[in-house]
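# Observations on the three-dimensional arrangement
The lines below spell out each chain.
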Amino acid sequence: MKKLKVGVIGVGHLGKLHSKMFQSIENCELIGIYDSNNETAKSVAQEFQTAVFNNLDDLLKSTEAVSIAATTSAHFQLALKAFEFNNHVFIEKPITATIEEAEELVRISNERKLNLQVGHIERFNPGLLALEHYITDPMFIQSDRLAQFNPRGTDVAVVLDLMIHDIDIILSFIKSPVKSIEANGVEVVSDHIDIANARIQFENGAVANVTASRISQKKMRKMRIFQKDTYLSLDFVTGVSEVYRLLPIDSPVTNGSISFGEIGIGQKKKRLLYEQPETKEINALQYELQLFVNSVLNKTKPVVSGEDGLRALKVADAIIGKINESKMVMQ
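My aim in this report is to walk through the structure given alongside it, one point at a time. (Residues numbered from 1 in each chain as written. Predicted model: local features only at pLDDT ≥ 70, side-chain atom pairs only at ≥ 80, totals over all residues. Heavy atoms only, no water.)

## Quick word on the packing of aromatic side chains
Tallied over the entire structure, the rule returns eight aromatic pairs. Each ring, one from Phe260 and one from Tyr274, has its centre 5.6 Å from the other, and the planes form 5 degrees; the classification is stacked. Of this pair, Phe260 sits in strand 14 (residues 257-263) while Tyr274 is found in strand 15 (residues 270-275), placing the two residues 14 residues apart along the sequence. Over the ring of Phe236 we find Arg145; its NZ or CZ atom is 5.1 Å from the centre of that ring. (Phe/Tyr/Trp six-rings, centres within 6.5 Å; stacked < 30°, edge-to-face > 60°. Helix = DSSP H or I, 4+ residues; strand = E, 2+ residues; numbered from the N terminus. Lys NZ or Arg CZ within 6 Å of the ring centre and 35° of its normal.)

## Comments concerning empty space enclosed by the protein
Considering all chains together, one arrives at one cavity of 30 Å³ or more under this definition. Approximately 30 Å³ is the volume found for the largest cavity. Every residue along the wall of the largest cavity is listed here: Ser180, Ile181, Glu182, Arg199, Ile200 and Gln201. Those elements giving two or more residues to the lining of the largest cavity turn out to be strand 8 (178-186) and strand 9 (195-202). Of the residues in the lining of the largest cavity, the class split is two nonpolar, two polar and two charged. (1 Å grid on protein atoms, 1.4 Å probe; cavity = no way out; pocket = protein on both sides within 12 Å on 5 of 7 lines; lining within 4 Å. Points joined across faces, edges and corners; volume = space filled by probe spheres on them. Nonpolar A, V, L, I, M, F, W, Y, C, P; charged D, E, K, R; others polar.)

## Examining helix 4 (residues 72-84)
Those residues of helix 4 not exposed but buried are Thr72, His75, Phe76, Leu78, Ala79, Leu80, Ala82 and Phe83. Buried positions along helix 4 lie against strand 1 (4-9), helix 3 (56-62), strand 4 (65-68), strand 5 (88-92), helix 5 (99-111) and strand 6 (116-119). (Buried < 20%, exposed > 50% of the residue type's maximum accessible area, 1.4 Å probe, protein only. Contact = heavy atoms within 4.5 Å.)

## Regarding the pattern of salt bridges
Within this structure, the stated rule accounts for 20 salt bridges. Here Lys2 and Glu64 are joined by a salt bridge, their closest N and O atoms 3.2 Å apart. Taken together, the residues span a long stretch of sequence, with Lys2 in the segment before strand 1 and Glu64 in the loop between helix 3 and strand 4 at a distance of 62 residues. The class for Glu64 is partly exposed, based on a relative accessible area of 26%. With a closest N to O distance of 2.8 Å, Arg214 and Asp194 form a salt bridge. Taken together, the residues span a long stretch of sequence, with Arg214 in the loop between strand 10 (207-213) and strand 11 (220-227) and Asp194 in the loop between strand 8 and strand 9 at a distance of 20 residues. You'll find Arg214 and Asp194 in the same group, each marked buried. By sharing partners, the salt bridges in this structure join Lys93, Asp161, Asp194 and Arg214 into a single network. (Salt bridge = Lys/Arg side-chain N within 4 Å of Asp/Glu carboxyl O.)

Right, here's the structure in full:
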């Protein structure tokens, strides 16, 4: 079996998890890790029995691909360095701190034919995967992502820290350009936006209403999707998905479905069916890293490409811009 030689750059909370996952993936070999904090690097390397590289260039000379789990502000320079050594790159979300940086990384990765995958992990949530074949043409999406306060992540606005997960998912569902954005948000406990709400309207008429907060008393990560004759509900925390569908009155009640009766009159009468799709036991982080490894070895496009990460960043940046505009008006 061909094994991909992989390194991890930045071994804080996420990077440590990356190291653990790479050790469990059969078709890759964790060559070593690098972190600006050498003591942290030594501790993680000892735990996962891998090498510590004190010099980033030395790591990149020894690897074919790296995952970058450092702070967002460092993403661009670290990815540039990795590309210089012809390394494929997995980079945690958001892809970079600025749109210009993201555009440059996408350009270079395409030019050098190097894979660039962005760590939008919620794409691999078991509950969302269970809904994939039900989602056809969403026209309204409501998402709520609320978290208890954690100092980690407050170096950026909640839009880039939390909301960007839902932005990425929504953009993957609605295949239409964004027409307009309205947004509001405030700083509460940090120097950046801690609570935000955005209404995104697409050119095809679809609308997404997105809320994110990192100062909530309780954790909530839910999404509701409405399309013709279908309502879909997903709890990202529990991984439970629910589907309500209106089908022709003579549609059979299949195994796993429950009939909630009939709606409408005459020829417009339909049957309301409910089902809870089966979810598979999947470690989302391990799965997305496995897909990254597979894409490099098989020379295929990453599931969440650099272009996807750039598109999500552009919308997130526009939301932050609208929030800042509303503040200026209020002043």
